[in-house]
Amino acid sequence: MALEHALLVALSERPASGLELTRRFERSLGFFWHATHQQVYRVLARMESDGWVTVEVVEQDGRPDKRVHTPSAEGRRALAEWLATPMPMETLRSELAVKLRGASYGDRATLTRHLVETRADHAARLAHYEQMERDQFPDPTTLDEPALDQWLVLRGGIRLERFWIDWITEYLQAHHTSPTREASA
């Protein structure tokens, strides 16, 4: 997947300026596809020159004009073609997995401390996703198709965070690491 496709999805949901897209990436899309502020602007410029987006210049009082991007017919066609292509099986490329496998050859106590911190980070992200679900999707049975897709992706993120928490917990338990020892380590 190219960043262009992620931006086309975001702009299909709601036309936006580069700054608005960057903020949306920070709040939602960025959990699944990372892009820097500079990347978003660079790719938007390329998408405009390729004819994938149209730009409406909106005047603002006391501020520079805002450039609002919307998928063009060519952009919608490119997105539809990309959506229709078969997708490869997701693979797990994880530094964590390699470190767990190699833990016997290094400082397991330090790795354990990092694992406890990593598990806490995943727990915090899980709590954030669950709060997003409560706030944005209080009744999933009433969602239209685009909102249903957004909710289902969020549900995938929730399941993924639970996976990380469960896997790290299993590893720590297998090495007889008690929560008390973890906290004092």
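This report concerns the structure included in the present document. Computed from a predicted structure; not experimentally measured.

Counting 16 residues, the largest nonpolar core has Leu3, Leu7 and Leu21 as the members making the most contacts within it. Of all the secondary-structure elements, those providing two or more residues to this core are α1 (3-13), α2 (18-27) and α3 (37-49). Examining the composition of this core, we find that six residues originate from one element, α1, more than from any other. Leave out the neighbours within four places in its chain, and leucine 21 touches Leu7, Ala10, Leu11, Ala16, Val40 and Leu44.

Here we come to the side chain of histidine 5. Looking at where histidine 5 falls in the secondary structure, it is placed in helix α1. Histidine 5 gets classed as buried once you look at its relative accessible area, which sits at 13%. What histidine 5 contacts, discounting residues up to four positions off in sequence, is Leu79 and Trp82.

Next up on the list: the side chain of glutamate 4. Along the chain, the position of glutamate 4 falls in helix α1. Of the residues examined, glutamate 4 reaches a relative accessible area of 13% and is grouped as buried. At 2.5 Å, the side chain of glutamate 4 forms a polar contact with the side chain of arginine 46. Ignoring any residue separated from it by four or fewer positions in sequence, one finds glutamate 4 in contact with Val43, Arg46, Met47 and Trp52.

Moving on to the environment of glutamate 81. Tracing the backbone shows glutamate 81 in helix α4 (residues 73-84). When its relative accessible area of 52% is taken as the criterion, glutamate 81 is described as exposed. Residues glutamate 81 and glutamate 13, spaced 68 residues apart in sequence, show a C-alpha to C-alpha distance of 17 Å.

The next thing to look at is a positive patch on the surface. Taken together, the side chains of Arg14, Arg23, Arg27 and Arg63 present a region of like positive charge at the surface. Structurally, arginine 27 is set in helix α2. By relative accessible area, arginine 27 is classed as partly exposed at 47%.

Moving on, we get to the packing of aromatic side chains. All chains considered together, the criterion is met by three aromatic pairs. Through a chain of ring-to-ring contacts, three or more aromatic side chains come together here, namely Phe163, Trp164 and Trp167.

About the criteria used
- Residues numbered from 1 in each chain as written.
- Predicted model: local features only at pLDDT ≥ 70, side-chain atom pairs only at ≥ 80, totals over all residues.
- Heavy atoms only, no water.
- Core = buried A, V, L, I, M, F, W, Y, C linked by side-chain atoms within 4.5 Å.
- Buried < 20%, exposed > 50% of the residue type's maximum accessible area, 1.4 Å probe, protein only.
- Helix = DSSP H or I, 4+ residues; strand = E, 2+ residues; numbered from the N terminus.
- Contact = heavy atoms within 4.5 Å.
- Polar contact = N/O pair within 3.5 Å; in protein donor to acceptor, adjacent residues only side chain to side chain.
- Patch = residues over 30% accessible without salt bridge, like charges linked within 9 Å, V, L, I, M, F, W, Y side chains within 5 Å.
- Areas by Shrake-Rupley, 256 points an atom, 1.4 Å probe, with all protein chains shown as cover.
- Salt bridge = Lys/Arg side-chain N within 4 Å of Asp/Glu carboxyl O.
- Lys, Arg positive; Asp, Glu negative; His and termini not counted.
- Charge placed at Lys NZ, Arg CZ, Asp CG, Glu CD.
- Phe/Tyr/Trp six-rings, centres within 6.5 Å; stacked < 30°, edge-to-face > 60°.

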